[in-house]
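# Report on the structure
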Amino acid sequence: MPKFCFLIVISLLLFQGCERGYKRNTADPKRIVYLTKELVNNTHDSIHDFAMELNGIMEANRANISDSLKAEINFTTGVYHRNHVSIDSSSIYFQRAMEYVKDTDMSARELSYFYWAWITYFRQEKFGDSKAVRNRYRTLLRTPISNEKDRTNWSIYYYYLENEFFETEQYDSAFYYNRLKMDLVRASKDTINNASGFIREAEIYYHHFKNPKKAFSTLSYLMKRDTLLLPGYNRQLYNTYGIFLFHEGDYRRSFDFYLKGLSFVKQMDESPAKMAHLANNYCNLGEVCIKLGYFDKAEKYLDSVRDIGLDKIDEDIHRNYLEYKFRLSHATGASVEDIVTDLNSIRQVQADRYIEKSKKELVALSRSKEYERVLATEKKETEVKNLRLQIGFMFAIMGSAILGGIGFLFYRQRKLKFEQQSLQMQQRLLRSQMNPHFTFNTLYAIQAQIKKEPEAATHYLLKFSRLLRLFLENSMGDYIPLHQEIESLKKYMDLRKLGNPNLFTYKFQYENMEEDEPISIPPMLLQPFIENSIDHGFLGIHSQGKIDIRLSMEKEFLHCEIEDNGRGISDRKPTKKKSASVQLIANFIKKTTKRELEIINKKDQNPNENGLLVRFRVPISHP
């Protein structure tokens, strides 16, 4: 009995000590409300600390905080990450928020949890994840549909299905669920949902059912009610009509509808979305003016895109802008110097965006590490105070906890350093792939073909635009699909052969796998070695160069071999930039696969054989 009483006293003292030590993370409702407002409404640097404090409160008081408050904390943190860190991390918090919703009588706020989780995955084309969100939402819908709220909730569900099927080109299913959605909203006065439904219906009639008459009829019906619509929906309505007319070859009327759409864009509130819509409209007007032979107007509209600011528009509009500028240059016989300038500006904008994103992620990682260090220090101080109230054996336990904390911080520091090196490697490789020398050579090679083979020149320009986009897209992710990496390599080698088709040949070989194998790999690891073979290995040789790329599966790794018949190591003098890129890749491969990068000079093994053989393996990720 005395021993039992003694243990109770020790437990109470320990509880009080912990309570004093973690007072900072108590669930004060006023503090939580303040932090959530700051996260949503402000942009100053300290909001990261607010986000960390808010999540610290939730973790320390998980048992005492309601599910609705946990959902709101996660949702607010997701909004913060979407605005200031990255889309990828925001989706995690949005999904956590929606998982706390369990009542079928969902509030408007709870509907927004599901919407932002779904739209974040959807816009990243992570359709498997968006489907999981949609299925979770379906479990909370009530049947039968008995009131206005039920109709709204079900129409949102059909909206999710309609968009998923439309984006995956399953138009019959998209049309079916669009009709179900329209049936629910048609009886109500929901003008916005009616408008978006009619426009989507017209798109399916035109593109899938090949029924222009029905598509135009649907849009014309909606135009009779355009005074009820917001400027944003009228913009979409008239531009869609203009696009259909353009495809039908009625360029004069298409131009008029694009102008009408432009007038509605100018009525929209100032926002980044308005700038993007303006640029898109100007591109459309530039394209149709080229078709009509209005070259001065085409130049004016395309110059308006540049005046908006290339840093304010996305990559798709960049690509269209460059393509129409090239068409205009070809039609008027103008120099491509302006196009080269614009291309370099766009490349700089996209590189700056990537670097800015990388910096934000590094800052977030650094601040997270610092906040964890502060929390660890506070915890250690509390444990020291508690040790004075404990009996002897507690010293051993607390010593283990301190060692564990130090080990954890050491692990976090190493992980942060590795992530920083990985980001640096991506930046270095991106700059390596998109060097100005390659850009200028390719553009001037295309220009040289304009008079000889205009169609081939246009084909190569589209291929070049696609390659630039692939380079930028590939550099943004930690893993990309294997077939996408192979596509970018093929386009790169095809463009390198543009000026001299007989310079080299290439071949891909696959062992125990296919080219479209459903796996993902880290991007941009093979290209530097291929570029090295072309720029240095084939320099001065008297026979046609050959590049063999062999890929095979080895458990959780992809084994890669790149072999050429060039001069080999003895005659090559790699540039400092290439040596740095190879060293970065070698470090990355060693850390992720525990294997060294092998570079073999074939002449060392067989004096009669020239060339280089590069072997390494890379980690793979399954979808």
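Residues numbered from 1 in each chain as written. Predicted model: local features only at pLDDT ≥ 70, side-chain atom pairs only at ≥ 80, totals over all residues. Heavy atoms only, no water.

## Brief notes about the overall build of the protein chain
Inclusion rule: Note on conventions: DSSP H or I runs of at least 4 residues are helices, E runs of at least 2 residues are strands, and numbering of each starts at the N terminus. Burial status follows relative accessibility: with a 1.4 Å probe on protein chains alone, a residue under 20% of its type maximum counts as buried, one over 50% as exposed, and anything between as partly exposed. Any two residues whose heavy atoms approach within 4.5 Å are treated as being in contact. Residue-level accessible areas treat just the shown protein chains as cover; the underlying method is Shrake-Rupley with a 1.4 Å probe.
A count of helical and extended segments in the protein chain gives 24 helices and seven strands. Looking at the protein chain residue by residue over its 623 residues, the buried ones come to 46%. Expressed as a percentage of contacts within the protein chain between residues at least 6 apart in sequence, the contacts between residues at least 24 apart total 65%. In the structure as shown, the protein chain presents an accessible area of about 32200 Å², 53% of it carried by carbon and sulfur atoms.

## Concerning the environment of aspartate 67
Along the chain, aspartate 67 falls in helix 4 (residues 67-84). Put simply, aspartate 67 and valine 101 are 34 residues apart on the chain and 7.8 Å apart in space, counted from C-alpha to C-alpha. Setting aside residues up to four positions removed in sequence, aspartate 67 forms contacts with Tyr100 and Lys102.

## Section: a negative patch on the surface
Here is the rule we go by: Only residues whose relative accessible area exceeds 30% and that form no salt bridge enter a patch; like-charged residues are grouped when within 9 Å of one another, and nonpolar side chains (Val, Leu, Ile, Met, Phe, Trp, Tyr) when within 5 Å. Salt bridge, as applied in this entry: a Lys or Arg side-chain nitrogen positioned within 4 Å of an Asp or Glu carboxyl oxygen. Only four residue types enter the tally: Lys and Arg on the positive side, Asp and Glu on the negative side, with His and both chain ends excluded. Charge positions are represented by NZ for Lys, CZ for Arg, CG for Asp and CD for Glu.
On the surface, Asp296, Glu299, Glu337 and Asp338 cluster together into a negatively charged patch. At the level of elements, helix 15 (295-308) and helix 17 (337-387) are the ones that each hand at least two residues to the negative patch. Here aspartate 338 shows up in helix 17.

## A few points about the pairing of strand 5 (residues 557-564)
Inclusion rule: DSSP calls a pair of strands paired once it identifies at least 2 bridges connecting them.
Burial runs high along strand 5: eight of the eight residues are buried. Residues Phe557, His559, Glu561 and Glu563 of strand 5 are buried on one face, and the alternating residues Leu558, Cys560, Ile562 and Asp564, pointing to the opposite face, are buried as well. Where strand 4 (residues 545-554) lies against strand 5, eight bridges are found, and the strand directions are antiparallel. Bridge pairing in strand 5 places isoleucine 549 opposite isoleucine 562. Taking the residues between adjacent antiparallel strands as the criterion, strand 4 and strand 5 are bridged by two residues, where lysine 555 takes a positive phi near 55°. Pairing of strand 5 with strand 7 (residues 612-619), which is carried by eight bridges, proceeds in the antiparallel orientation. Across the sheet, the residue bridging to leucine 558 is valine 618, located in strand 7.

## Quick word on the nonpolar core
Note the cut-off: By convention a nonpolar core is built from buried Ala, Val, Leu, Ile, Met, Phe, Trp, Tyr and Cys residues, the set being connected through side-chain atoms within 4.5 Å.
One finds Met493, Leu526, Ile530, Ile547, Leu551, Leu558 and Phe616 to be the most contacted residues of the largest nonpolar core, which totals 78 residues. Looking at which element gives the most residues to this core, the answer is helix 14 (residues 272-292), with nine residues. Ignoring anything within four residues of it in the chain, the contact list for leucine 551 reads Leu482, Ile486, Gln509, Tyr510, Glu511, Met513, Leu526, Leu558, His559 and Cys560. Core analysis: the second largest hydrophobic core is formed by 54 residues, Leu111, Tyr121, Phe166 and Phe257 among them.

## So, the confidence of the model for the protein chain
What counts is decided by this rule: The predictor attaches a confidence to each residue, called pLDDT, with possible values from 0 through 100.
For the protein chain, the average pLDDT comes to 78, and 73% of its residues sit at 70 or higher. Taken as a whole, residues 430-434 scores under 50 in pLDDT and shows 19 contacts with residues more than four places along the chain or in a different chain.

## A closer look at the pattern of salt bridges
Opposite charge on two side chains lets them pair, provided their charged atoms get close. For the coordinates displayed, the defined rule picks out 27 salt bridges. Note that arginine 550 is salt-bridged to glutamate 563, the shortest N-O span being 2.6 Å. With arginine 550 in strand 4 and glutamate 563 in strand 5, this residue pair connects regions lying 13 residues apart in the sequence. You can call glutamate 563 buried: its relative accessible area is 17%. Because the salt bridges share partners, they merge into one network encompassing Arg550, Glu561, Glu563, Lys602, Glu609 and Arg615.

## Remarks on helix 6 (residues 108-123)
Short version of the rule: To estimate the expected span of a helix, subtract one from its residue number and multiply by 1.5 Å.
Taking 1.5 Å of rise per residue, 16 residues should cover 22 Å, and helix 6 covers 22 Å from first to last C-alpha, within 8% of that figure. Those residues of helix 6 that fall on the buried side of the exposure criterion are Glu110, Leu111, Ser112, Tyr113, Phe114, Ala117, Trp118, Ile119, Thr120, Tyr121 and Phe122.

## Regarding the packing of aromatic side chains
The description of an aromatic ring pair rests on the distance of the ring centres and on the angle between the ring planes. Formally: Here a Phe, Tyr or Trp ring, Trp counted by its six-membered ring, pairs with any other such ring whose centre lies within 6.5 Å, and the pair is stacked when the planes are under 30 degrees apart, edge-to-face when over 60, and tilted otherwise. By definition, being over a ring means that NZ of Lys or CZ of Arg is both within 6 Å of the ring centre and within 35 degrees of the ring normal.
Within this structure, the stated rule accounts for 36 aromatic pairs. Measuring from ring centre to ring centre gives 5.5 Å for tyrosine 238 and phenylalanine 264, while their planes differ by 25°; the resulting arrangement is stacked. In this pair, tyrosine 238 sits in helix 12 (residues 231-247) while phenylalanine 264 sits in helix 13 (residues 251-267), placing the two residues 26 residues apart along the sequence. Ring pairing ties together the aromatic residues Phe114, Trp118, Phe122, Phe127, Tyr137, Tyr159 and Tyr160, which thus form one cluster. The positively charged end of arginine 200 is found above the aromatic ring belonging to phenylalanine 166, 3.9 Å away from the centroid. One cation-aromatic arrangement involves lysine 497 over phenylalanine 504; the distance from NZ or CZ to the ring centre is 5.8 Å.

## Points about the sheet that holds strand 6 (residues 598-601)
Under the convention used in this document: Here an angle of 0 to 180 degrees is reported between the N-to-C directions of two axes, which are lines fitted to C-alpha atoms, with helices fitted over the stretch in contact.
Taken in spatial order, the five strands line up as 2-4-5-7-6 in an open sheet, and their pairing is mixed. Of all the strands in the sheet, just strand 2 (504-511) and strand 6 have a single pairing partner and so form its edges. The sheet shows a mean angle of 15° between the axes of neighbouring strands, taken without regard to direction. By the bridge criterion, eight bridges tie strand 2 to strand 4 in an arrangement that is parallel. The partner of phenylalanine 508 across the bridge, within strand 4, is isoleucine 549. Helix 21 (residues 482-496) contacts strand 2, strand 4 and strand 5 of the sheet and is inclined by roughly 165° relative to strand 2. The strands touched by helix 22 (residues 527-537) within the sheet are strand 2, strand 4, strand 5 and strand 7, with strand 4 carrying the most contacts at an inclination of about 165°.

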